[in-house]
Structures are given as structure tokens and as C-alpha cells.
Amino acid sequence: MVDKVLQYVRKHRMMEAGDCIVAGVSGGADSVCLLLMLLEIRRVLPVEIQVVHVNHLLRADAAADAAYVQKLCITHGLSFTLVEEDVAAVARSRHISMEEAGRMVRYDAFERTLGTRKGKIAVAHNKNDSCETFLFHLFRGTALGGLGGIRPVRDRVVRPLLCLSRDEIEAFLQERNVPYCIDSTNLEDNYSRNIIRHHILDTAVQKISPAAVAHISETCERVGEAYELISDLTRQGFCACVTVATQTVHIDREKFLQLHRTIQGYVMMEALAQAAGSRRDLESVHVRQLIRLMESQCGRVVCLPYQLRAKRDYSGICIVREPEGHAQEVVLSEIALSPEETAMLAAGKELVILIGNHNKIRAKLIPMEKSGIDFENIPQKKYTKWFDYGKIKRNIVIRTRRPGDYLTINAMNQKKNLKAYFIDQKIPQEKRDQLCLVTDASHVLWIVGERISNYYKVSRDTKLILELTYEE
């Protein structure tokens, strides 16, 4: 097994002679195995090993784990650093999960220990961890990059044990008669990963295939290789059709349309990231908005996170960042629910449809029998409306006005042209093109912030209620 790990380290060029290797050692089976493997690697590759143990201050017995790791380091003559951090307090102060807070605290400690020295941070993820990550991302929804499991190398972080399963690790320690600590929180189902570990992955191994972990791990590796290819094609596509200037990012339409549809999405995301200066809070919905904009007429505008404004011009799309405090004109390209989104809605899931810069519409279906509706007192809220979903004949589209739009204005379902309605309500001319509409073809369900069409009102014959909530 030592040779297997050594070959894996060499294959992915994880470390080289003279490196300082900061090893995160919790005292559990995986991290103890990592430490022993690093000692074996040091026999053939001269590296310095520094051990860091992080006490999250979440368990009364955590100090015993730290003492065990320190004893291991003394036995093998290794440098030992103990970091104690109140992870629960960090999670509360930053409004993040305990898992995220723990991860942040650990990697901060590792980075501080390595500092500016030449070297790597070694952590003890194994094949099972990679499979759990794959399943977690699959269940929560992810792009292709999230289905590659855990990467062997990421920046300065290396994972020498990704070639081993948890069973192999435990067998290795048993063969060498090396004890290890058991973290009681890993036995609980408080975290999503523990549920996947105890109830999904273990069941797959026992009931479907004993080689499930190996097969998922192989799939992750193949997906990772495919993603590397897509990344290369994305770089080529980006260079071919995107121009980055000081204040603008421009996407050439003619060259963009020559790209494969899959690559188009990745190029759009990269263009957005370049314009924003960050990938945080950028999602696939923003990419879909830009692709719809590319198909729209010239002059259309979409507002995006980071004060970004994308405008369709004669040659493609120009993305610019508005000055801080600049009031953005909200002009929408058409946002139509995709077949996948409509299916999600029908399955009982809530949709979040992003419009403008930071605005959104939440959509969900409520069966009439579960609504508890009082027909004598239907709730009247300015930015939450109910509609009879069965009366929507076509696709729901969120957009601004266009010629031919109308709504029904009374119980007799008499139609009124939208322009005439605006005149009657004395809505200023400059505001009319800014109003967000929810439409069913030319029939307006809802002038957001104004009124809904009488035709779509909920009645005693309604079977499914569509609830729409507009949020700024």
C-alpha cells in the first residue's frame, strides 16, 4: 500500500525534494494513516514534515485526541502545532454552517503554519470522501466541475490518500497495530455528509455492489479528465470571442455562436467572472440571462450582480460595471421558464428567478386542499400574488411590455390593452418600460407592484395555486 500511495503522489506531482509538508492530523484513522505514509515517503523523498492539530472545542474529549497526536509526533521526532479555536462561535459570527466554519479554521491554521515556505499542505481525504462529495453535489445540484469529486491537488493542498478506500486505510493501521481516535460527531447524522456516509454509500456497498466506492471513484476521475478538456476548450473559446478591456468585457456574437453549446455556457461564466472580479454569487441563472440576451434584439439590457450591466449591441454583448451608487435602469430581457424549471415547479420545488441586479421572483405551487384559503378573505399583498395555475396555457415569461399586451379587468373578463391601462392609471411614460410583467404570451398575469389579471384569479374551481413573490 505504501508503494500505491507513493506512485499516486508521483503521478500527480504532489511534492518534491526540499518541500515542507504541513500535515493536518486529527488523530482519526485517515489522518494517522496519512502521517505514517508521509514518514514512508520521507525515506525516498527528503521532505520536512510539520504536524498541525486543530481542536474545534466542540467535544469534551477533544483534548485527548490532541494529546494522542502530540505523542505520535514525539515518537517520530516531528514538529507539533496545536491550534484551539471555538468553531461554534466562528459559525455564529459569520453566519455559516459548523462544517464550513470548521473547514475554514483548519485551512487557515495550515496556511499560517506553512507561511511563505516552499511546500504543500497534506490532508487525509480518501476515496470514500471523494464519493461522498460526488453524491452530495449530485443531490444538491451542480455543474460538471462538481461531479469530479475531490481533486488530488488544489493550489498548495495535496491529498495523497485519495487512491485508498476507508477499508484499506483501516486494514493498514490494523496490520501495523496502530491505534487511532474516533470522533463521536462522525457517528451522528447531524451533517449531510454523515447521512450520505451511513445511509446511502454504505447501503450501496452492501446492497448494490461491494465495489461501489471504487466505481464512483473511477467515474469521478473520468469526469475530472473531461472537465479538464472542457476547461481547455473554454480557454480557447474565451480567447476567440471575448475581449477584456479596463472597464468592459465584450463577447463577439458571431464567434460565440460558432462554439459548442456546452462551451458557450462556460465562456459566458468566465466572461462574467472577469467583469465581476470574482466568481462568488455568480450562478447558472446569470449565464442563462446572458445567453437569452445574445438572442435578443439590439438595445436590450440585463442587470447582474456586482453592479454589472450587460447590453446587447450590434456585434454581441458588452458588460460594464456601473459606478458605485449609480441608479441602474432595470430593463429585462425575456426570462422564460425552461422545461426543467417547469418540471421542478410541478414536482413541488420552489423556484427562484433572478431579475435585474439583485431582484428575484419566488415561485411555488400550492395544492388547493393544502392552501387553507378563505375565499371571503383572500390575502392581498402588494408583492405576493396567487394565480390559478390551471388557466396558464403557455409558458410563463417575465419581461417588460411589448405591443399587443393586455389584461382582464373585471369579473366579466373584459380585456384592456396594457397601454390604455397605463394611461388610465396615470403611470408615467418613463416608468412604463421599466415595469416588470409576468405574462402568458400577450396576456399579462401580473404587473408587478400594480395588479393582476382578473382571468387568473383563484376561484373555488382552482386545483393548483401558483404563488409568486417579488423580492428586492
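Residues numbered from 1 in each chain as written. Predicted model: local features only at pLDDT ≥ 70, side-chain atom pairs only at ≥ 80, totals over all residues. Heavy atoms only, no water.

Asks: It is not clear to me how the pattern of salt bridges should be interpreted in this structure. Could you clarify?
Replies: A side chain with one charge may pair with a side chain of the opposite charge, provided their charged atoms come close. Summed over the entire model, instances satisfying the criterion amount to 23 salt bridges. Residue Arg 197 is joined to Asp 129 by a salt bridge in which the shortest nitrogen-to-oxygen separation is 3.8 Å. Here the residue Arg 197 occupies a position in helix H8 (residues 192-208), and Asp 129 occupies one in helix H6 (residues 127-140), the gap between them amounting to 68 residues. Like Asp 129, Arg 197 is buried. The closest approach of N and O atoms between Arg 166 and Glu 132, which form a salt bridge, is 3.4 Å. Within this pair, whereas Arg 166 is found in helix H7 (residues 166-175), its partner Glu 132 is found in helix H6, the two being separated by 34 residues in sequence. For Glu 132, a relative accessible area of 1% gives the class buried. Each of Asp 129, Glu 132, Arg 166 and Arg 197 takes part in one network of salt bridges that share partners. (Salt bridge = Lys/Arg side-chain N within 4 Å of Asp/Glu carboxyl O. Helix = DSSP H or I, 4+ residues; strand = E, 2+ residues; numbered from the N terminus. Buried < 20%, exposed > 50% of the residue type's maximum accessible area, 1.4 Å probe, protein only.)

Asks: What should I look at first to understand the sheet that holds strand S14 (residues 359-367) in this one?
Replies: Remark on secondary structure: sheet strands pair via backbone hydrogen bonds, oriented parallel or antiparallel. Here we have 4 strands laid out as an open sheet, ordered S13-S14-S21-S15, and antiparallel in their pairing. Strand pairing shows two members of the sheet lacking a second neighbour, strand S13 (351-355) and strand S15 (384-388), which therefore form its edges. Mean inter-strand twist for the sheet, computed between neighbouring axes without regard to direction, equals 25°. (Pairing = 2+ DSSP bridges. Axes fitted to C-alpha atoms, helices over the stretch in contact; angles between N-to-C directions.)

Asks: Mind showing me how you'd approach the packing of aromatic side chains here?
Replies: Across all of its chains, the model carries 6 aromatic pairs by this definition. Both rings, one in Phe 387 and one in Trp 446, keep their centres 6.2 Å apart while their planes meet at 50°; by these two values the pair is tilted. Of this pair, Phe 387 sits in strand S15 while Trp 446 sits in strand S20 (residues 443-447), and the two are 59 residues apart along the sequence. In this structure, Phe 387 and Trp 446 share a single accessibility class: buried. Stacked on the ring of Tyr 107, the Lys or Arg Arg 154 has its end atom at 5.9 Å from the ring centre. (Phe/Tyr/Trp six-rings, centres within 6.5 Å; stacked < 30°, edge-to-face > 60°. Lys NZ or Arg CZ within 6 Å of the ring centre and 35° of its normal.)

Asks: What exactly am I supposed to notice about the side chain of His 443 here?
Replies: Residue position: His 443 is located in strand S20. Accessibility expressed as a relative area gives 7% for His 443, which makes it buried. A distance of 3.3 Å separates the side chain of His 443 from the side chain of Tyr 456, its partner in a polar contact. (Polar contact = N/O pair within 3.5 Å; in protein donor to acceptor, adjacent residues only side chain to side chain.)

Asks: What should I look at first to understand the pairing of strand S16 (residues 396-399) in this one?
Replies: The side chains of a regular strand alternate between both faces of the sheet. Of the two faces of S16, the one carrying Ile 396 and Ile 398 and the one carrying Val 397 and Arg 399 are both buried. Direction of pairing for strand S12 (residues 335-336) relative to S16: antiparallel, over a ladder of 2 bridges. Within S16, the position partnered with Ala 336 by the bridge is Val 397. With 4 bridges connecting them, S16 and strand S19 (residues 437-440) associate as antiparallel partners. Among the inter-strand pairings, Arg 399 is bridged to a residue of S19, identified as Leu 437.

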